[in-house]
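# Remarks on the overall topology
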Amino acid sequence: MNLLDIDIQNVHDAPDSLLESIHNGSYDVVIKRNFFSKEECRQLVNLYNNIRSDAFTVYDGYKAIPRPFDKIGATDHSIYEHEASIYTGTLNASLINEIFLKKMKSISPDYEFILNDGSGKISKSKTWSSFRELELNKGYFEIHCGRLFQDWNKEFFNFFSGKADIDNQLAFLIVLQRPETDCDLEIFDLKWDDVNVKIDKDNLKTKEGKLLPVVSIPSEKIILNEGDVLIFDEGNYWHLVPPFTGDMPRISFGGFMTRLYNSKQVFVWF
Ligand SMILES: O=C(O)CCC(=O)C(=O)O
Ligand SMILES: [Fe+2]
């Protein structure tokens, strides 16, 4: 796994286009430190605080607005639409869409970014990002990779696969509120093409049928401070958010970026 960590010190060594450097295989994981200013992070937290009191999904230790579209079942559609409209209304009333586009362009000038506007032309999901909150002493994300979910919401992926390269979705992630932890995201040096069976949260299964304990897989433990953004090959690399301790929930903001076929256009969705 090739990781690029761009700090203020090595900014001049960074490729002109971070997205292209992932798409062409030079890197799998890119961290751009201080991508959002402290003030911009505060604005994002405020947006989240404005909508968090509305009823929204509470899974086991995990809340998201809107709930992940790739995992919703047929019965959840109206709740999803409700959450997505609250979310989109809040974002549209802020400058975040504009700020995000400008920033992405600055690190990948050769790409055009299309934020999902919910029109349904490219994807049936409705937003370009989401807020996620993991509860203290309870919340974490089990090991997964984007391609694991292609069977969960077939309607969504069948339609989307006609427009975009769904096997190579990238994720972008910003941690807005960080509890005490020595790892915000653990990315394993293991791709979907090598291992594509998950048995449970602690074990995958190799192609030879052997149990592969998650703790035995080499990994990078990523730490994201306020304002840092992580962009990585989320579709293919197995990863997780470990349980954490401290005195506050973990709040993150992120989404996915998928290339439209035969183009330098990237569709941003969640
Ligand atoms: O920390 C998060 O919000 C989710 C991390 C993740 O699995 C992802 O960005 O794909
Ligand atoms: Fe993920």
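Note that the coordinates shown come from a computational prediction; the quantities given were computed from them, not determined experimentally.

If you tally the helices and strands in the chain, you get 5 helices and 16 strands. Computed over the C-alpha atoms, the radius of gyration of the chain is 18 Å, within 12% of the 18 Å expected from 2.2 N^0.38 for a compact globule of 270 residues. Across the 270 residues that make up the chain, the buried fraction comes to 52%. Long-range contacts, defined as pairs at least 24 residues apart, comprise 78% of the intrachain contacts of the chain with a sequence gap of at least 6. With an accessible surface of roughly 12,200 Å², the chain has 48% of that area assigned to carbon and sulfur atoms. Side chains of the chain carry 30 positive and 41 negative charges; the gap between the two charge centres is 3 Å.

Another aspect to go through is unusual backbone geometry. Residue Ile 65 is joined to Pro 66 through a cis peptide bond whose omega torsion reads -10 degrees. Position of Pro 66 relative to the elements: it lies in the loop between β3 (62-65) and α3 (77-92). A positive phi is found at Asn 34, a non-glycine position, where the angle reads about 55 degrees. Structurally, Asn 34 can be placed in the loop between β2 (29-32) and α2 (38-52). The phi torsion at Asn 137 lies on the positive side, around 60 degrees, for a residue other than glycine.

Taken across its 5 residues, strand β14 (residues 237-241) has 5 buried, putting it largely inside the fold. Of the two faces of β14, the one lined by Tyr 237, His 239 and Val 241 and the one lined by Trp 238 and Leu 240 are each fully buried. Across 2 bridges, the pairing between strand β6 (residues 141-144) and β14 is antiparallel. In the sheet register, Phe 141 faces β14, and the bridge partner there is Val 241. Here strand β8 (residues 185-191) runs beside β14; their pairing, made up of 3 bridges, is antiparallel. What sits directly across from Lys 191, in β14, is Tyr 237.

Another aspect to go through is the site of ligand 1. In the vicinity of ligand 1, the residues found are Arg 132, Phe 141, His 144, Ala 171, Leu 173, Leu 185, Glu 234, His 239, Val 241, Arg 250 and Ser 252. Taking His 239, its side chain carries an N or O atom lying 3.1 Å from an oxygen atom of ligand 1. One of the side-chain nitrogen or oxygen atoms of Arg 250 is found 2.9 Å away from an oxygen atom of ligand 1. Here ligand 1 has 290 Å² of accessible area as a free molecule, and 95% of this is covered by the chains. Tallied by class, residues from the shell around ligand 1 come to 5 nonpolar, 3 polar and 3 charged.

Definitions and cut-offs
- Residues numbered from 1 in each chain as written.
- Chains lettered and ligands numbered in written order.
- Predicted model: local features only at pLDDT ≥ 70, side-chain atom pairs only at ≥ 80, totals over all residues.
- Heavy atoms only, no water.
- Helix = DSSP H or I, 4+ residues; strand = E, 2+ residues; numbered from the N terminus.
- Rg over C-alpha atoms; globule rule 2.2 N^0.38 Å.
- Buried < 20%, exposed > 50% of the residue type's maximum accessible area, 1.4 Å probe, protein only.
- Contact = heavy atoms within 4.5 Å.
- Areas by Shrake-Rupley, 256 points an atom, 1.4 Å probe, with all protein chains shown as cover.
- Lys, Arg positive; Asp, Glu negative; His and termini not counted.
- Charge placed at Lys NZ, Arg CZ, Asp CG, Glu CD.
- Pairing = 2+ DSSP bridges.
- Near = heavy atom within 4 Å.
- Polar contact = N/O pair within 3.5 Å; in protein donor to acceptor, adjacent residues only side chain to side chain.
- Nonpolar A, V, L, I, M, F, W, Y, C, P; charged D, E, K, R; others polar.

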